[in-house]
Amino acid sequence: MNCLHHIVYWLFPSGAAVAEWVAAIATGCLVGAGFIQLKAIRKGAEEQRQRWRREDAIRAEENKPKAAFGFSDCLKCNLKLSCANLGTVGFLVTGMQILPLLGDREKILFGKAAEIFVPVGEEKQVTFDAFKYREVHNRLTEILNAPLRSRHLGIKLILQGPVETAETNLEAYRVHQYPDDGRSLYSFNSWRTIAPPVQGSDRRFDGVPKNEFVTCPKCKNPYTVDLAANLGIVFPVGDCGTVFEAGRNKMADVTRVSVQSCPTHTLPKVEE
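Participant: Could you clarify how one ought to interpret the overall build of the chain in this entry?
Facilitator: Counting its regular elements, the chain contains four helices and 13 strands. With 272 residues in all, the chain has 37% of them scored as buried. Here the contacts in the chain between residues at least 6 apart in sequence split such that 60% fall between residues at least 24 apart. Just so you have it, the chain exposes about 16100 Å², and 57% of that area is on carbon and sulfur atoms.

Participant: Got a minute to help me understand the sheet that holds strand β3 (residues 80–85) in this structure?
Facilitator: The pairing of strands in a sheet happens through backbone hydrogen bonds and is either parallel or antiparallel. The sheet built from three strands is open, its strands ordered β1-β3-β7 with antiparallel pairing. Lying at the two open borders of the sheet, with one neighbouring strand each, are β1 (67–71) and β7 (123–127). The mean angle between the axes of side-by-side strands here comes to 15 degrees, regardless of whether they run parallel or antiparallel. Pairing of β1 with β3 involves five bridges; the strand directions are antiparallel. The residue bridging Phe71 from the neighbouring strand is Leu81, located in β3.

Participant: Before we go on, may I ask you to explain the environment of Asp253 in this structure?
Facilitator: Positionally, Asp253 belongs in helix α4 (residues 240–260). Using a relative accessible area of 40% as the deciding quantity, one classes Asp253 as partly exposed. Between the C-alpha atoms of Asp253 and Leu267, which are 14 residues apart in sequence, the distance is 10.0 Å.

Participant: What am I meant to see in the side chain of Arg174 here?
Facilitator: Its place among the elements puts Arg174 in strand β10 (residues 171–178). Of note is the side chain of Arg174, whose polar atom sits 3.1 Å from the side chain of Ser150. Excluding its chain neighbours within four sequence positions, the residues that come into contact with Arg174 are Ser150, Arg151, His152, Ser187, Phe188, Asn189, Trp191, Ile194, Val208 and Pro209.

Participant: Explanation requested: unusual backbone geometry in the structure shown.
Facilitator: The bulk of non-glycine residues show a negative phi, and the bulk of peptide bonds are trans. Residue Phe235 is joined to Pro236 through a cis peptide bond whose omega torsion reads -5 degrees. Within the secondary structure, Pro236 sits in the loop between β13 (222–226) and α4. In this structure, the amide linkage connecting Cys262 to the following residue, Pro263, adopts the cis form with an omega of 10 degrees. If you trace the backbone, Pro263 turns up in the segment after α4. Of note, Lys76 is a non-glycine position whose phi angle comes to about 50 degrees, a positive value. Topologically, Lys76 is positioned in strand β2 (residues 74–78).

Participant: What should I look at first to understand the pairing of strand β12 (residues 211–215) in this one?
Facilitator: Two faces belong to every sheet, and in a regular strand the side chains alternate between them. Pairing of β12 with β13, which is carried by five bridges, proceeds in the antiparallel orientation. Its bridge partner lying in β13, Asn211 is registered against Asp226.

Participant: Whenever I open this one, the environment of Tyr223 confuses me. Can you help?
Facilitator: Relative to the assigned elements, Tyr223 resides in strand β13. Taking the C-alpha atoms as reference points, Tyr223 and Pro263, 40 residues apart in sequence, are found 9.9 Å from one another. What Tyr223 contacts, discounting residues up to four positions off in sequence, is Glu212, Phe213, Val214, Thr215, Cys216, Thr255, Ser258, His265 and Leu267. Within the local environment of Tyr223, its side chain forms a polar contact with the side chain of Ser258, the two groups lying 2.5 Å apart.

Participant: Would you mind showing me how to read the packing of aromatic side chains here?
Facilitator: Describing an aromatic ring pair means giving the distance of the ring centres and the angle of the ring planes. Taken as a whole and judged by the stated rule, the model has 10 aromatic pairs. Ring centres of Phe128 and Tyr133 lie 4.2 Å apart, and the angle between their planes is 10 degrees; on these two criteria the pair is classed as stacked. For the ring pair Tyr186 and Phe188, a centre distance of 6.1 Å and an interplane angle of 65 degrees mean the geometry is edge-to-face. Taken together, Phe69, Phe71, Tyr173, Tyr186 and Phe188 form an aromatic cluster joined through their ring pairs.

Procedures and definitions
Residues numbered from 1 in each chain as written. Predicted model: local features only at pLDDT ≥ 70, side-chain atom pairs only at ≥ 80, totals over all residues. Heavy atoms only, no water. Helix = DSSP H or I, 4+ residues; strand = E, 2+ residues; numbered from the N terminus. Buried < 20%, exposed > 50% of the residue type's maximum accessible area, 1.4 Å probe, protein only. Contact = heavy atoms within 4.5 Å. Areas by Shrake-Rupley, 256 points an atom, 1.4 Å probe, with all protein chains shown as cover. Pairing = 2+ DSSP bridges. Axes fitted to C-alpha atoms, helices over the stretch in contact; angles between N-to-C directions. Polar contact = N/O pair within 3.5 Å; in protein donor to acceptor, adjacent residues only side chain to side chain. Phe/Tyr/Trp six-rings, centres within 6.5 Å; stacked < 30°, edge-to-face > 60°.

Put into structure tokens, the structure is as follows:
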């Protein structure tokens, strides 16, 4: 007992010391509680911010225009577009983004008088006449200005919604322009529907041409890149966007090799 008494006396030599000690403990408890409360407030505020971000992302996604589109697979016809609204907002189709297999991206804007409005849940079909869409035809003429006026192109539509502008997924086509007076007749062949080569047939005459004509920057002579043999593209194509982008990368590599081997233009073959 005497030992315990000495310990207590040593810890608390007076009533004032006891009060100070109690006050210190109380202060420490208040500080600790305040820290815990502040931490909880910060956690709650961060959770609220995250909820706001998720809600903003959901609203942004809802306000983003979404569409599926296609150009008519036909022989020697006017340029025809079908565009279906797959989202929750109406939008204007304001133009096209063109990606050649070889070369820079090209943007073709329709202009105010030629923008196409597609309401929610509807599909619009538009024929691009040579007058209202003159800019489209002129730019396509420039892009297709190659031997035989045929190229394989990746195409995206540019969509203007109420809040933001978006692009559709990329679709790939073999496009040929017929040199009529207005240069407004085309054949569009989707990579999704181009038939695979018939075994034993000559690819040059096997349905839709599966090649790209390239002009050598050295000798200025044209040569042919076979999309199947040189780029490894297998028709028909399901995921057009991924396959076309990969094809663009391979096309750049193949043409570099061909320039190095000019004038013979020896092209690498894809191993089967």
